[in-house]
Amino acid sequence: MARRLDEEYDYLFKVVLIGDSGVGKSNLLSRFTRNEFCLESKSTIGVEFATRTLQVEGKTIKAQIWDTAGQERYRAITSAYYRGALGALLVYDVTKPTTFENVSRWLKELRDHADSNIVIMLIGNKTDLKHLRAVATEDAQSYAEKEGLSFIETSALEAINVEKAFQMILAEIYRIISKKTLSSEEPAATSIKEGKTILVSGEANTKKTCCST
Amino acid sequence: MEKKRISDEFEPGPLPPTRPLDRFGFVKQEQSFSPEGLTKSRSAYEREREERRVRKWRKMIGVGGSDWKHYVRRKPHVVKRRIRKGIPDCLRGLQLVIYETSASELDIIRDISRTFPSHVFFQQRHGPGQRSLYNVLKAYSVYDRDVGYVQGMGFLAGLLLLYMSEEDAFWLLVALLKGAVHAPMEGLYQVGLPLVQQYLSQFEQLVKENLPKLGDHFLREMINPSMYASQWFITVFSYSFPFHLALRIWDVFLYEIKLPFEKLIHALRNFPEDAMNPDTLLPMAYSVKVSRRLQELKQEYEKRDNESPHASESSEKQVQTVTLKPLKS
């Protein structure tokens, strides 16, 4: 795949996809980054990632999305994935109550390993399977409110709300970042065209030099 | 045979007269001791009630038993009450199986169609490939309850199943993981994935030493080997490498029983267009000498890792603990 070497962006945001195995994380990623859905997808082993550059609130954002394996046993090696993540999409399957029940365990995982300011969005996926729905929208909605998460239901298969979900979380991250930059002492406008990786914690911002190949 | 004998004995005619059966298939007793209520045909009301119960049960069990555990946790009293009222007969078989279904089993079922989904042998739902894969994984999860089933194992089993019978694939998996003639590799799948962590640490160090520029670059970009190499190790390269290359790695791996760190280093060093051609990659890769350093790095890792005894002991210290046994004694 040829990639533009001069791809320019204002910000690089790292977002992780988490949630139980089989809820559709990989297909949400492929729908968002390549507009593809694969009925015969392999289970994710370890981690995969993909990027897409898009406009959010008038800025060019490069979204780097990390897709992780959902099985419990893998948590031993997945903690590294949370490093530097600004957002997390916590996915459950609306047809599988167990996956919704486990959302609280994933939240704990985030609290233990991710930055405390990470933006979290709860996603109920597979709304196309209407006849199999087992988690009510209202239940998830009120849970999200209680936990202070944003919430949306999606269908990666029918491409419903996928774009919106990513747009929402990226915009949210951008709002937080821009507020932070404004209120902080650092000169805000220095690196706008270079693009940079931003740590929510506000520790030393790592400059993102473009990979020269 | 049975039928014939019976008909010889009781009836000279070709077929015995059909006798009424109860709903379980037993020939109805006409004697007076059978309670009247049971033999009476069921009323429309009863049928309707039965249907309602079946619907409730189906919802409670979920597809393939996927919701059962959830329901038991959430509403134990409801479950108990319903079971005491009797399991609907059409679901009894499934339910009796579910009682004994482990969490591993549900995981296995979920992943069966997601293992080499584009290979013709594994494509057909419930076809011979998927069934064999299920059998091997289920058998292993029962054989080694500590490890159970871990995502990634399916690709090992799947690769083996393309070349051998179910039984052989199972025992080869056991031999690999338990260490029949070499150090066991079960650490790839044990809690904490200790062997994966060891390999990642060795690999990271090798990259730093052999390819310092790349190592620095990865460090600056916060790229840790667990982000790109864990799937290589967890599936012994059967997951993401081009299949013909994976097979060539396995040819060597099964004979020498060590992971081809050389290959990885080489693949990272220069990536010519035909790098994925095994006849190019393998000879070049073996020209990179890492075995001795690998051993040192392993010892260093184990020293560092000593405070968590669980991680390396079980997987590394005992060799030759298991011998291949036939399935049937």
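Residues numbered from 1 in each chain as written. Chains lettered and ligands numbered in written order. Predicted model: local features only at pLDDT ≥ 70, side-chain atom pairs only at ≥ 80, totals over all residues. Heavy atoms only, no water.

- In the nomenclature of an unreviewed UniProt entry, chain B is known as Rab GTPase-activating protein 1-like protein isoform X2 of Cinnamomum micranthum f. kanehirae.

- Going by an unreviewed UniProt entry, chain A carries the name Ras-related protein RABA2a and comes from Cinnamomum micranthum f. kanehirae.
- We quote the UniProt Subcellular location (unreviewed entry) comment for chain A here in full: "Endomembrane system".
- Turning to chain A, the UniProt record has this under Sequence similarities (unreviewed entry): "Belongs to the small GTPase superfamily. Rab family." (UniProt positions renumbered as here; feature names shortened; annotations may be inferred.)

**A look at the packing of helix α12 (residues 194-210) of chain B against helix α19 (residues 291-304) of chain B**
Residue and element names in this part refer to chain B.
For step 1, the next point in the chain: Across the interface, α12 lies against α19 with an axial gap of 10 Å and an inter-helix angle of 125°. With respect to α19, the axis of α12 lies oblique. Between α12 and α19 lies a crossing of right-handed hand. Of the residues in α19, those touching α12 at Pro-194, Gln-197, Gln-198, Ser-201, Gln-202, Gln-205, Leu-206 and Glu-209 are Arg-293, Leu-294, Leu-297, Lys-298, Tyr-301, Glu-302 and Arg-304.
For step 2, the next point in the chain: Here the contact of α12 with α19 is composed, by residue class, of five nonpolar, five polar and five charged. (Axes fitted to C-alpha atoms, helices over the stretch in contact; angles between N-to-C directions. Helix = DSSP H or I, 4+ residues; strand = E, 2+ residues; numbered from the N terminus. Parallel < 35°, antiparallel > 145°, perpendicular 65-115°, else oblique. Left-handed = near helix turned anticlockwise from the far one by under 90°. Contact = heavy atoms within 4.5 Å. Nonpolar A, V, L, I, M, F, W, Y, C, P; charged D, E, K, R; others polar.)

**Section: the domain arrangement of chain B**
Think of interface size as the accessible area that goes away when the parts come together; that is how it is often given.
Residues and elements named next belong to chain B.
For step 1, the next point in the chain: Here chain B is described as being made up of domain 1 (47-99), domain 2 (104-187) and domain 3 (192-309).
For step 2, the next point in the chain: The partner domain 3 presents 17 residues to the 14 residues of domain 2 that form the contact.
For step 3, the next point in the chain: Around 1,300 Å² of area is buried between domain 2 and domain 3 when both sides are counted, 86% of it from carbon and sulfur atoms.
For step 4, the next point in the chain: A per-residue breakdown of the area domain 2 buries against domain 3 is headed by Leu-159, Met-185 and Gly-187, which together make up 39% of the total.
For step 5, the next point in the chain: For the pair domain 2 and domain 3, the number of links is one residue pair in polar contact (both at pLDDT 80 or more).
For step 6, the next point in the chain: The element contributing the most residues to the side of domain 2 that touches domain 3 is helix α10 (residues 153-161), with four residues.
For step 7, the next point in the chain: Considered class by class, the residues forming the side of domain 2 that touches domain 3 number ten nonpolar, four polar and no charged. (Domains from an automatic or database assignment. Buried area = accessible area lost by both parts, 1.4 Å probe. Polar contact = N/O pair within 3.5 Å; in protein donor to acceptor, adjacent residues only side chain to side chain.)

**Remarks on the environment of B:Gln130**
For step 1, the next point in the chain: Counting through the fold element by element, B:Gln130 comes out in helix α9 (residues 128-143).
For step 2, the next point in the chain: Separated by 37 residues in sequence, B:Gln130 and B:Gly93 place their C-alpha atoms 22 Å apart.

**Considerations on the interface of chain B and chain A**
For step 1, the next point in the chain: In this assembly, 37 residues from chain B lie in contact with 32 residues from chain A.
For step 2, the next point in the chain: Interface area, chain B with chain A, both sides summed: about 3,000 Å², of which 53% is carbon and sulfur.
For step 3, the next point in the chain: In terms of surface lost to chain A, no three residues of chain B exceed B:Gln151, B:Met227 and B:Tyr239, which account for 22% of the buried area on that side.
For step 4, the next point in the chain: B:Arg73 is paired through a salt bridge with A:Glu101; the nearest N and O atoms lie 2.5 Å apart.
For step 5, the next point in the chain: One can count 18 residue pairs in polar contact (both at pLDDT 80 or more) joining chain B with chain A.
For step 6, the next point in the chain: Of all the elements in the fold, those that place two or more residues in the side of chain B that touches chain A are α4 (68-74), α7 (103-112), α12, α13 (212-220), α14 (225-228) and α15 (230-234) of chain B.
For step 7, the next point in the chain: Across the side of chain B that touches chain A, the residue classes break down as twelve nonpolar, 15 polar and ten charged. (Salt bridge = Lys/Arg side-chain N within 4 Å of Asp/Glu carboxyl O.)

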